[in-house]
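# Chain and residue survey
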Amino acid sequence: MEIQDSLKHLPELHAHISSSIAPHVYWHIANSEGYKLPKRDYHEFVKHVVLSPNRKMSLKEYLDTIYHPILNKLSAGALALEKGVYETFGGAYRSNNITLYELRGNPMKHNREGQVDLDHAIMAMIRGMERALLEYPKLRAGLIFCLDRQFTFEQNQIIVEKAIKYKRRGVIGIDFSNYNKQGFHFKDYTNLVAKARENGLKVTAHSGETDDTNDIWECIESINPDRIGHGVKAAYDKKLMKELAARKITLEVCPLSNLMTKAVKDDAEMERILKTFYDEGVQFSLNTDWPETIENGHLRDQYQYVLEKKMLSEDQIRQIVQWGFNATFIPMKEKESNLYL
Ligand SMILES: [Zn+2]
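Now for a quick tour of the structure. In this text, all values refer to a predicted model and were calculated from it rather than measured experimentally. (Residues numbered from 1 in each chain as written. Predicted model: local features only at pLDDT ≥ 70, side-chain atom pairs only at ≥ 80, totals over all residues.)

### Observations concerning unusual backbone geometry
- Phi angles above zero are rare outside glycine, and Glu-113 is one such case at about 45 degrees.
- Looking at the element boundaries, Glu-113 is found in the loop between strand S2 (98-105) and helix H7 (118-135).
- Despite not being glycine, Lys-262 has its phi angle at roughly 65 degrees, a positive value.
- Mapped onto the elements, Lys-262 comes out in the loop between helix H12 (255-260) and helix H13 (267-280).
- Residue classification places Lys-262 among the partly exposed residues on the basis of 14 C-beta atoms within 10 Å. (Helix = DSSP H or I, 4+ residues; strand = E, 2+ residues; numbered from the N terminus. Buried ≥ 20, exposed ≤ 12 C-beta atoms within 10 Å, placed from the backbone.)

In structure tokens, the structure reads:
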């Protein structure tokens, strides 16, 4: 089988709404609403929001100066959310060979600090997804709701309740995102996560990206997630890798995102991490995290990047694509409609 064949159907398990909406879609939304943007020219706007090897930023800096104040704001409200989600899924299927797409977002980050009713925001996401699923019957898609490490427990509890409420409409799981506020502990969430699970939701959590392996240990011991977002720091802890392999926790590795935010130093370190996971039997998938806010960051480009740099072999890539499909939270029944009916 040609390698191109193995890239014909790709799973995307880790991408955030705000960084999956293409700049031209943001431009359209902003101009439709009449928003003032940090740059008046389209190309300057793209340069401002997109990271590249010549424009790296720490995760915290990017989140604090671009992601939260600009992208989350532009993708807030029912109209923007419906259009953003719809365009994201369609674009991924048409141009990136993505046939399975799990898109994640925190509905409370897209409701203009409470001015937009949360159910309206959520239904807008669902409408965007349903329109794309109707148009592309071979695409499977689902939404993951992100809890936030900076939020209070009570806020996060509301997000879990909403995820449960909309499970039948295509919300497939919950996630923990953002960097830590002091006092955040996974152990405080054991019962809430158990409740999500009892209601049929799957669980993933950002961990081991910029924080250390202690965070991953606490994560798996407290909430035993089905998958972990990033987890790259685990490559430096043999005991932890053994534990991840034994629990069959799949890591959602996002190579270019980690390189652009300097969570991983360079290609050589990324190569070491990927090879170590493979050799230690830790299952992982390749994902974008931020497909539209990293230059050449689309999923297909990231696979090409890993292949061209010889970080993994073609056979290993085939295996990783398969691991990605195997680890999906989307209920996949043969011949069943891709709509949640
Ligand atoms: Zn992420």
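Picking up after the structure, the text goes on.
### Here we look at helix H5 (residues 59-74)
- Given a rise of 1.5 Å per residue, 16 residues ought to cover 22 Å, yet the end C-alpha atoms of H5 are separated by just 20 Å, more than 12% below that figure.
- The largest bend along H5 reaches roughly 50 degrees and is located at Tyr-67, with the proline Pro-69 sitting one to four residues downstream.
- Of all the positions in H5, only Tyr-62, Ile-66, Tyr-67, Leu-71, Asn-72 and Leu-74 are classed as buried.
- The secondary structure elements touched by the buried residues of H5 are helix H2 (17-20), helix H3 (23-33), helix H4 (42-49) and helix H6 (78-96). (Expected span 1.5 Å × (residues − 1). Bend = angle between axes of the 7 residues up to and from the residue. Contact = placed C-beta atoms within 7 Å.)

### Remarks on the packing of helix H8 (residues 153-165) against helix H9 (residues 190-198)
- Closest axis-to-axis distance for the H8/H9 pair is 10 Å, and the angle between their directions is 10 degrees. One element, H8, and the other, H9, form an angle in the roughly parallel class. Where H8 abuts H9, its residues Gln-157, Val-160, Ala-163 and Ile-164 lie against Leu-192, Lys-195 and Ala-196.
- Of the residues that constitute the contact of H8 with H9, the class distribution is 5 nonpolar, 1 polar and 1 charged. (Axes fitted to C-alpha atoms, helices over the stretch in contact; angles between N-to-C directions. Parallel < 35°, antiparallel > 145°, perpendicular 65-115°, else oblique. Nonpolar A, V, L, I, M, F, W, Y, C, P; charged D, E, K, R; others polar.)

### A closer look at the sheet that holds strand S6 (residues 227-230)
- The strand order S1-S2-S3-S4-S5-S6-S7-S8 describes an open sheet built from 8 strands, whose pairing is parallel. At either margin of the open sheet sits one strand with a lone partner, and together these are strand S1 (10-16) and strand S8 (284-286). If you compare each strand with its neighbour and ignore which way they point, the axes differ by 25 degrees on average.
- Of the pairings in the sheet, the one linking S2 to strand S3 (residues 140-148) comprises 6 bridges and is parallel in character. Of the residues in S3, the one forming a bridge with Tyr-101 is Ala-141.
- Sheet contacts for helix H10 (residues 213-223): strand S5 (202-207) and S6; angle to S5, the most-contacted strand, approximately 165 degrees. (Pairing = 2+ DSSP bridges.)

### Things to note about the pairing of S2
- Among the 8 residues that make up S2, 7 are buried, leaving the element largely enclosed by the rest of the structure.
- Note that S1 and S2 share 5 bridges and pair parallel. Its bridge partner being in S2, Glu-12 is matched across the sheet by Tyr-101.

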